[in-house]
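Here are the chains, one letter per residue:
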Amino acid sequence: MQQPVPAAVGAAGMVCSIDHRASQAGIGALAGGGNAVDAAVAAAAVLAVVAPNTCGMGGDMFALVGTGDGPPLCLNGSGRAPSGASAERLRSEGHRAMPRLGHPAAVTVPGCVDGWLTLHARLGAMPLEDVLGPAHALAADGFVASAELAAAAGDVGAAPANSDIPGDLRAGDTVRRPGSARALSAIADGGRDAFYCGEFGEGLLGLADGLFSPDDLAAPTADWVEPATVEAWGHRLWTVPPNSQGYLILAAAAVAQGLHLPTDADEADWAHWLIEAARATGSFRPGELSDSADVGTLLDPARLNGLRRLVLAGETPVTPPGSGGDTTYLCAADGRLTVSLIQSNAMGFGSLLVAGSTGIFLHNRGLGFSLDPAHPACYAPGRRPPHTLSPALVTTLDGRNRAALGTMGGDAQPQLVLQMLARLLHCGQRPAEILRAGRWVLLGPDAFATWTPGWLPPVALEPHVPTAWADGLAARGHNVTGLGHNPKLTGHAHLIDVSPDGSLSGAAEPRTALAAAVAI
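Residues numbered from 1 in each chain as written. Predicted model: local features only at pLDDT ≥ 70, side-chain atom pairs only at ≥ 80, totals over all residues. Heavy atoms only, no water.

Draft legend 1. View of the overall build of the protein chain. Across its full length, the protein chain carries 18 helices and 21 strands. Taking 2.2 N^0.38 as the reference for a compact globule, 520 residues should give roughly 24 Å; the C-alpha atoms of the protein chain span a radius of gyration of 21 Å, in line with that estimate. Expressed as a percentage of the 520 residues in the protein chain, the buried residues total 64%. Total accessible area on the protein chain stands at roughly 17,100 Å², and carbon and sulfur atoms take up 53% of it. Counting 31 positive and 47 negative side-chain charges, the protein chain places the centres of these two groups 3 Å from one another. (Helix = DSSP H or I, 4+ residues; strand = E, 2+ residues; numbered from the N terminus. Rg over C-alpha atoms; globule rule 2.2 N^0.38 Å. Buried < 20%, exposed > 50% of the residue type's maximum accessible area, 1.4 Å probe, protein only. Areas by Shrake-Rupley, 256 points an atom, 1.4 Å probe, with all protein chains shown as cover. Lys, Arg positive; Asp, Glu negative; His and termini not counted. Charge placed at Lys NZ, Arg CZ, Asp CG, Glu CD.)

Structure, rendered in structure tokens:
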């Protein structure tokens, strides 16, 4: 049975995350004189400790910060391929696609810590040591393993002996992560160099002979970039531009608002038109998404109008042939700022490789690269891989903060955020109702292979979707299948809505038992 929706209302601040310990750390930062950025970083650091099966200091992150006055600030904290990266070498080793587990090529320079520090340096209001304090205490003194962490722990059986998560972990066991505690202390005392050029960096350099160099680790990985945006449903939607796939949220919303979308989300047509918009925009993703993709071209109104015409004509595109996860999302808000932050290992514990003696798992976001030398995302030094991470913000047309929202879910992230946006902006639903609602997802062979060339992914429906959906979608030609409880596919989503008077209402994901929306 689905959990009750963790929801909250407040005036001074709010934090929503998958774990009450992270949400409380964020609220503690707000209560201690910090702002929403301090709260978001505090919550993110706690999650890096207590939920290493979703994220960690060996992963990547993206963030959007709404200031309430014009475009949000946008941070790309995704890492780049190291100087020893070589698609040719991998092909010569017999790889036909990027390796995912147990291979150092799956690891780019992790950008998570750089992202935290860059975000805090520009916008934080309290000392970094205080922001990271709750995470450090949990790592050093120990924390109770959640059922989700215990269930995932079996995956670390193939990990190196220096993993600090035992494969036989049980829910309720106490877990201590001394390497993470040392890393957090180093970051608080010495900044990025103490992390990337310290114990963690040494572990990364030792991962594979010549793959990473000291120069790779000395160069900051987080960049402030121009956010991607479209106007839809009377609001301005924002996300991180490529190498993020977030543009698919914007493209699908822009296509959907010109379709026959009812305002009653219980109708089969509501799901149908959103599915078609997601398919029409997502089917081209494998060939077009890279760190060099031009978001202006991807969101060009003429292109989106053409895709809308195809949808209205019933000519859904199929992913063309090629030429030749786990994640966690959180949001925070105060009286001035809204923060939409996402961080990830990609697949669970990532590559199942650990950075030296730290016990910190290294992500496998390199799985997004191609080994095709003609592909714009071919694995090469300095390149950022295509990313599933897709945080979102909403503002009013005059620049006022309206909402922060996002989810985990691999390729499905844009589909899930699209449904949340349509419910919020088109149907006028409140956060708890939105998070409670049943979801559809386009189902691929795995969470990172939805857009397999040459086929249309089936539509998987959660058990508690509206009763009209299954038969109605089948009658409209969709290949409909059922989907049991599987948050890895249907998301860990959160939403904070900001009213015109500045009051906050929010909800955290009911599909995970520890999620919490906390307000002051």
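Draft legend 2. The state of the cysteines, seen in detail. Taken as a whole, this structure holds zero disulfides when the rule is applied. Left unpaired, Cys16 is separated from the closest cysteine sulfur, that of Cys331, by 4.4 Å. On the accessibility criterion, Cys16 (0% relative accessible area) is buried. A disulfide-free cysteine, Cys427 has its sulfur positioned 20 Å from the sulfur of Cys331, the nearest such atom. (Disulfide = S-S within 2.5 Å.)

Draft legend 3. Representation of the sheet that holds strand β11 (residues 338–346) in the model. Strand order in the open sheet made by the seven strands is β7-β4-β3-β11-β10-β2-β21, with antiparallel pairing throughout. In this open sheet, the two edge strands, each paired with only one partner strand, are β7 (223–225) and β21 (516–519). Pairs of neighbouring strands in the sheet enclose a mean axial angle of 15°, with direction left out of account. The sheet contacts of helix α2 (residues 36–50) involve β2 (13–17), β3 (60–66), β10 (326–334) and β11, and relative to β10 the element is tilted by about 155°. (Pairing = 2+ DSSP bridges. Axes fitted to C-alpha atoms, helices over the stretch in contact; angles between N-to-C directions. Contact = heavy atoms within 4.5 Å.)

Draft legend 4. Fine view of the environment of Trp440. With respect to the helices and strands, the residue Trp440 is situated in strand β16 (residues 440–442). Note on Trp440: relative accessible area 0%, which makes it buried. Each C-alpha atom of the pair Trp440 and Ala475 lies 16 Å from the other, and the pair is 35 residues apart in sequence. Excluding its chain neighbours within four sequence positions, the residues that come into contact with Trp440 are Ala271, Leu274, Ile275, Ala278, Gln415, Leu416, Gln419, Val459, Ala460, Leu461 and Trp469.

Draft legend 5. Inspection of the sheet that holds strand β18 (residues 480–482) at higher detail. Pairing in this open sheet of three strands is mixed, and the strands run β16-β17-β18 from one edge to the other. Each edge of the open sheet carries a strand with a single partner, namely β16 and β18. On average, adjacent strands in this sheet sit at an angle of 35° to one another, irrespective of strand direction. In the sheet, β16 pairs with strand β17 (residues 459–461) via three bridges, with the strands oriented antiparallel. Within β17, the position partnered with Trp440 by the bridge is Leu461. Strands in contact with helix α11 (residues 268–282) are β16 and β17; relative to β16, the strand with the most contacts, it is inclined by about 25°.

Draft legend 6. Here's a closer look at the nonpolar core. In terms of nonpolar packing, the biggest core is built from 91 residues, with Met57, Trp116, Leu119, Phe195, Leu341 and Tyr379 touching the most fellow members. Among the elements that take part in this core, α2 stands out by supplying 14 residues, more than any other. Discounting chain neighbours no more than four positions away, the residues touching Trp116 are Val41, Ala44, Ala45, Ala48, Met57, Met61, Leu132, Leu184 and Gln343. If you look at the next biggest cluster of nonpolar residues, it comprises 59 residues, including Trp273, Ala293, Leu299 and Leu304. (Core = buried A, V, L, I, M, F, W, Y, C linked by side-chain atoms within 4.5 Å.)

Draft legend 7. View of the packing of α11 against helix α17 (residues 467–475). At a minimum axis separation of 8 Å, α11 and α17 run at an interaxial angle of 55°. Relative to α17, α11 is oriented oblique. Crossing hand, α11 versus α17: right-handed. The segment α11 lies against α17, with Ala268, Trp270, Ala271, His272 and Ile275 engaging Ala468, Trp469, Gly472 and Leu473. Across the contact of α11 with α17, the residue classes break down as seven nonpolar, two polar and no charged. (Parallel < 35°, antiparallel > 145°, perpendicular 65-115°, else oblique. Left-handed = near helix turned anticlockwise from the far one by under 90°. Nonpolar A, V, L, I, M, F, W, Y, C, P; charged D, E, K, R; others polar.)

Draft legend 8. Up close: the packing of aromatic side chains. One pass over the full model with this rule turns up six aromatic pairs. Judged by centre distance (6.4 Å) and plane angle (90°), the ring pair of Tyr196 and Phe200 falls under edge-to-face. For the pair Tyr196 and Phe200, one class covers both residues: buried. Put simply, the rings of Phe195, Tyr196 and Phe200 touch in pairs and so form one group of aromatic residues. The positively charged end of Arg122 is found above the aromatic ring belonging to Trp224, 4.6 Å away from the centroid. One residue, Arg423, lies across the ring of Trp270, its end atom 4.6 Å from the ring centre. (Phe/Tyr/Trp six-rings, centres within 6.5 Å; stacked < 30°, edge-to-face > 60°. Lys NZ or Arg CZ within 6 Å of the ring centre and 35° of its normal.)

Draft legend 9. Layout of helix α10 (residues 247–256). The element α10 is extensively covered by neighbouring structure, given that ten of its ten residues are classed as buried. Three or more residues of α10 are buried, namely Tyr247, Leu248, Ile249, Leu250, Ala251, Ala252, Ala253, Ala254, Val255 and Ala256.

Draft legend 10. Summary view of unusual backbone geometry. In this model, Trp233 sits at a positive phi of 50°, which is unusual for a non-glycine residue. Mapped onto the secondary structure, Trp233 falls in the loop between β8 (228–232) and β9 (235–239). Unusually for a residue other than glycine, Leu352 sits at a positive phi of about 65°. Within the secondary structure, Leu352 is located in the loop between β11 and β12 (353–354). A residue is classified by how much of its surface remains accessible, and Leu352, at 12% relative accessible area, is buried.

Draft legend 11. Structural view of the pattern of salt bridges. This structure, assessed with the given rule, holds 18 salt bridges. Put simply, Arg192 and Asp193 hold a salt bridge, and the shortest N to O gap is 3.5 Å. Classification of Arg192 by relative accessible area gives buried; the value is 14%. Ionic pairing is found between Arg303 and Glu288, a salt bridge with its closest N-O pair at 2.6 Å. You can see Arg303 sitting in helix α14 (residues 301–312) and its partner Glu288 sitting in helix α12 (residues 285–288), a full 15 residues away along the chain. (Salt bridge = Lys/Arg side-chain N within 4 Å of Asp/Glu carboxyl O.)

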